[in-house]
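# Per-entry structural report
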Amino acid sequence: MYFLDFEKPIAELESKIEELRHLSDADGLNIAEEVGRLQVKVDKQLKGVYAKLTPWQKTQVARHPNRPHCIDYLKALFTDVTPLAGDRVFGEDRAIIGGLARFRGQGVVVVGQEKGDDTETRLRHNFGMAMPEGYRKVCKLLDLADRFQLPVLTLVDTAGAYPGVSAEERGQAEAIARSIDACLDLRAPLVSCVIGEGGSGGAIAIAAGNTVMMLEHSIYSVISPEGCASILWRSGGMAQQAAEALRLTAQDLLEFKIIDEVIAEPMGGAHRDRAAVFASVGDAFERHLRELGTLDGATLRQKRREKFLRMGREGLA
Amino acid sequence: MNWLTNLVRPKIRNLVPKKDVPENLWVKCPSCEHMLFRKDVEKSSMVCSRCGHHMRLPARKRLEMLFDGGNYTEIQLPVPAPDPLKFKDLKKYPDRLKDAQTKTGEKDALIVAHGWLAGMPVVVAAFNFDFMGGSMGVAVGEGLVQAAEVAVQQRAALIVIPASGGARMQEGILSLMQMARSTVAVQRVREARLPYIVLLTDPTTGGVTASFAMLGDVTLSEPGAVIGFAGARVIENTIRQKLPEGFQRAEYLRDHGMVDLVVHRKDIKSTIARIISIMTHRDAPSELAPAYLSTVEETDSPLPLPPPGDPEAAARADGRPADPSDEVSEDDEGPEDPTQHGDK
Ligand SMILES: [Zn+2]
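Residues numbered from 1 in each chain as written. Chains lettered and ligands numbered in written order. Predicted model: local features only at pLDDT ≥ 70, side-chain atom pairs only at ≥ 80, totals over all residues.

From N to C terminus, chain A includes 14 helices and eight strands. In terms of overall dimensions, chain A is globule-like: its C-alpha atoms have a radius of gyration of 21 Å, near the 20 Å expected for 317 residues. Taken along the three principal axes of its C-alpha coordinates, chain A extends 65 × 50 × 40 Å. Here chain A holds 317 residues, and 50% of them are scored as buried. Contacts in chain A between residues far apart in sequence, at least 24 positions, make up 70% of those at least 6 positions apart. (Helix = DSSP H or I, 4+ residues; strand = E, 2+ residues; numbered from the N terminus. Rg over C-alpha atoms; globule rule 2.2 N^0.38 Å. Buried ≥ 20, exposed ≤ 12 C-beta atoms within 10 Å, placed from the backbone. Contact = placed C-beta atoms within 7 Å.)

What follows deals with the overall build of chain B. Along its length, chain B carries 12 helices and nine strands. For chain B, the residues scored as buried account for 42% of the 344 residues in total. Of the contacts made within chain B by residues no fewer than 6 positions apart, 65% connect residues no fewer than 24 positions apart.

The positions UniProt marks with the feature "zinc finger region: C4-type" (unreviewed entry) are residues 29-51 of chain B. End C-alpha to end C-alpha, residues 29-51 of chain B measures 9 Å, and it is 26% helix and 13% strand. (UniProt positions renumbered as here; feature names shortened; annotations may be inferred.)

Quick look at helix 13 (residues 274-292) of chain A now. All names here are of chain A. With 19 residues, helix 13 ought to run about 27 Å at 1.5 Å a step, and its terminal C-alpha atoms sit 27 Å apart, in line with that. Among all positions in helix 13, only Val277, Val281, Ala284, Phe285, His288, Leu289 and Leu292 are buried. The buried residues of helix 13 occupy an angular sector of 130° when projected down its axis, which confines them to one face. Turned more than 90 degrees off the buried face of helix 13, the exposed positions are Ala275 and Arg290. (Expected span 1.5 Å × (residues − 1). Arc of directions from axis to C-beta.)

Along the chain, B:Ala230 turns up in the loop between strand 8 (218-221) and helix 9 (232-239). The class for B:Ala230 is buried, based on 26 C-beta atoms found within 10 Å. The sequence separation of B:Ala230 and B:Gly207 amounts to 23 residues, and the corresponding C-alpha distance is 9.2 Å. Ignoring any residue separated from it by four or fewer positions in sequence, one finds B:Ala230 in contact with A:Pro163, A:Glu168, A:Gln172 and B:Ile235.

Residues and elements named next belong to chain B. Among the residues making up helix 4 (residues 59-66), those that are buried are Ala59, Arg62, Leu63 and Leu66. The buried residues of helix 4 all sit within an arc of 100° when viewed along its axis, so they share a single face. On its buried face, helix 4 sits against strand 3 (72-74), strand 4 (110-117), strand 5 (120-127), strand 6 (157-161) and helix 11 (268-279).

Let's shift gears to the pairing of strand 6 (residues 211-215) of chain A. Residues and elements named next belong to chain A. Within strand 6, five of the five residues are buried, leaving the element largely enclosed by the surrounding structure. On strand 6, burial covers both faces: Thr211, Met213 and Leu215 on one face and Val212 and Met214 on the other are all buried. Sheet topology places strand 5 (residues 190-199) next to strand 6; four bridges connect them, and they run parallel. If you follow Cys193 over to strand 6, its bridge partner there is Met213. (Pairing = 2+ DSSP bridges.)

Turning our attention to the interface of chain A and chain B. Across the boundary between the two partners, chain A contributes 44 residues, which contact 47 residues of chain B. Taken together, the elements giving at least two residues each to the side of chain A that touches chain B come down to helix 7 (165-169), helix 8 (172-185), helix 9 (200-204), strand 7 (219-221), helix 10 (225-233), helix 11 (239-246) and helix 14 (297-310) of chain A. Take the side of chain A that touches chain B: its biggest share by element is nine residues, from helix 8 of chain A. Grouping the constituent residues of the side of chain A that touches chain B by class yields 28 nonpolar, eight polar and eight charged. (Nonpolar A, V, L, I, M, F, W, Y, C, P; charged D, E, K, R; others polar.)

Our focus in this paragraph is the domain arrangement of chain B. Residue and element names in this part refer to chain B. Split by domain assignment, chain B resolves into domain 1 (15-54) and domain 2 (56-279). Each of domain 1 and domain 2 has a C-alpha centre, and these two points are 26 Å apart. In terms of residue class, the side of domain 1 that touches domain 2 is built from two nonpolar, four polar and no charged. (Domains from an automatic or database assignment.)

Turning our eyes to something else, we now look at the confidence of the model for chain B. Residue and element names in this part refer to chain B. Scored by pLDDT, chain B comes out at a mean of 84, with 78% of its residues at no less than 70. With pLDDT under 50 throughout, residues 1-16 is counted as low confidence; its partners more than four residues away or in other chains account for zero contacts. Reported confidences for the modelled complex are a pTM of 0.88 and an ipTM of 0.95. (pLDDT = per-residue confidence, 0-100.)

For the rest of this paragraph, the subject is the domain arrangement of chain A. Per the domain assignment, the segments making up chain A are domain 1 (5-52) and domain 2 (59-310). Computed over C-alpha atoms, the centres of domain 1 of chain A and domain 2 of chain A are 35 Å apart.

Residues and elements named next belong to chain B. Taking strand neighbours across the sheet as the criterion, the seven strands line up as 3-4-5-6-7-8-9 in an open arrangement whose pairing is mixed. The open sheet terminates on both sides in strands that have one partner only, identified here as strand 3 and strand 9 (261-262). Pairing between strand 7 (residues 196-200) and strand 8: four bridges, direction parallel. Along strand 8, the bridge assignment pairs Leu199 with Leu220. Its contacts with the sheet put helix 4 on strand 3, strand 4, strand 5 and strand 6, and the angle it makes with strand 5 is roughly 160°. The strands that helix 11 touches are strand 4, strand 5, strand 6, strand 7, strand 8 and strand 9; relative to strand 7, the one it contacts most, it runs at about 160°. (Axes fitted to C-alpha atoms, helices over the stretch in contact; angles between N-to-C directions.)

Let us now look at unusual backbone geometry. Residue and element names in this part refer to chain B. Residue Pro203 is reached from Asp202 by a cis peptide bond, and omega for that bond is -15°. By the secondary structure assignment, Pro203 is in the loop between strand 7 and helix 8 (206-209). Phi is positive for Glu33, close to 65°, though the residue is something other than glycine. Assignment of secondary structure puts Glu33 in the loop between strand 1 (26-28) and strand 2 (35-37). Under the C-beta neighbour-count criterion, Glu33 is labelled exposed, with 10 such atoms within 10 Å. Of note in this structure, Arg155 is not a glycine but carries a positive phi near 50°.

Next up on the list: the pairing of strand 4 of chain B. A large share of strand 4 of chain B lies buried, amounting to six of its eight residues. Counting the residues that bridge the hairpin from strand 4 of chain B to strand 5 of chain B gives two residues, and of these B:Ala118 lies at a positive phi of roughly 50°.

This paragraph deals with the UniProt feature "domain: CoA carboxyltransferase C-terminal" (unreviewed entry) in chain A. This chain's UniProt record puts "domain: CoA carboxyltransferase C-terminal" (unreviewed entry) on residues 37-291 of chain A. What you have in residues 37-291 of chain A is 47% helix and 20% strand, and the ends, taken at the C-alpha atoms, are 45 Å apart.

Here we come to the packing of helix 10 of chain A against helix 11 of chain A. Residues and elements named next belong to chain A. In the contact formed by helix 10 and helix 11, the axes pass within 8 Å of each other and the chain directions differ by 100°. Taken together, the axis directions place helix 10 and helix 11 in an arrangement best described as roughly perpendicular. For the pair helix 10 and helix 11, contact is made by Pro225, Glu226, Cys228, Ala229, Leu232 and Trp233 and by Ala239, Gln241, Ala242, Ala243 and Leu246, respectively. Taken together, the residues of the contact of helix 10 with helix 11 sort by class into nine nonpolar, one polar and one charged. (Parallel < 35°, antiparallel > 145°, perpendicular 65-115°, else oblique.)

Further remarks concern the nonpolar core. Judged by nonpolar contacts, the single largest core of 167 residues is most densely connected at A:Val138, A:Val152, A:Ile180, B:Val124, B:Leu158 and B:Ile159. Here this core takes 10 residues from helix 7 (residues 172-191) of chain B, the largest share from any one element. Contacts of A:Val152, omitting those with residues within four sequence positions, involve A:Val108, A:Val109, A:Val111, A:Leu142, A:Ala145, A:Leu186, A:Ala188, A:Pro189 and A:Leu190. (Core = buried A, V, L, I, M, F, W, Y, C linked by C-beta atoms within 7 Å.)

Encoded structure:
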């Protein structure tokens, strides 16, 4: 397990527990009481720390290397997963994966960004930073969903679209624009969940849904705190301040009515109890799909568009 | 002599009224650094007569250039919410807004107007880059939504002219959502089967490019405009390589299939008029002479040529410009002054 800076005291307690367990194995000493006492302390600290994470700490949790990623959700929540590669124009981009699948028995199209878990998979998935091909693949999949009336579930987890020469050459901006366009054009339910990092245009490209949810410690922002700091403060070191100013936490977005629901995470974050977080996300998807399932395609599209049209309008004089 | 200069000169300088200070009489071309006489550059719509560089224009100038007789009706947009996030970096957002409002005399970065272009109804939404880098927040998004609504109501074509660094960071996630809002605006115009023309100008980047700006039925661009998603510096830092020549320029995007047509500023109005008139099944606007391609390879602004059948036209079909005024003589150092044959 990887520990973040502010988790270090907890990590120390946990390693002490491990040591004690080894001791008890070796010497047959009964130290269950001591272990139990320490465990209570760990839980209390975890609860305390995670109850009041700062926006910058949440950013770190959202990027936690052990946090479950898109593929983990695909394995846990879906059956008959049939990935459909490629954009039919240029290539296959593994930063975005998607295809046909069954979600609790129901046929769906599922799409998500995959960051990878180790060096090999991170490289294969380009750290979850998609090329234009990735967004064009989304368009292909959304078109399938539209024509065959399949609900779409998306799992958002990206630092942003890839900034590179070839990405620009092949029209990164146009690809993202078309993907947003396709989301807002879809005549089927679209439910999105930000499971980690919702990075700017690269995130909204698959997140313009009827229902948008965020995990409790995920973030969603117009720009990364680091990027914002280097532009507005002219110093990347001011990322903590930028994270505060950007109001990028799930709780902030719920307050601004940008998202519809915050899904609670297990104590100490999604990475500490994967099964629990898969179950919560699955149940939330199911609930929203059931609600949206009563509406016809045209109504779903219209309601989705109206929802986005309302955003920010309240504040206008 | 020295004592005299030192004493008298500053006094004389103080007597000279400010508007006659040389800086206002002359404009330095940001591209070739040539000093240009302001009156001349203004006459050529701020295109450098020496190197052809298209300088940035304020939104109102764009409106004047497009609408017939420079007449238009501005759509009153709502006053933006002052500061939804209570955002503060080195400066408070309301202070930045106020500074931009004072500097430009505008409420926000977008102006929307309706009127006539070559006798056809159009709605134009033009960005002011001088207003916080033309950044898109809620007010700009709202302006685009309203522009689309008016276009649909009036059965008018929608023309959007971005000049923007992207989303307005000070409005955080609300600015990101404008990418979706502006896309819905485009969808409304599309579903009403009305033309949606985008004229990309320098610069158009970030979230603006990655939404409504890349969804045009026809995408035009001014020459040399910087157009892209990621900033050049961000890319350079990511790939740690030098960027290719002409990277993210209008011509580069055209050559990579992302822009339909790169159009010289003097030809923008006539080009848009031709496109809209054909798309909406109207007769050719009477004030426009028909345009002919000089060669099939010609992908930039159509040049006015003699009608086909003219024996001379065939001889010129080898790609040489046919209008003698378009010829560049050998001893010219650069392209000719575009004001000489501007469509004024
Ligand atoms: Zn010049």
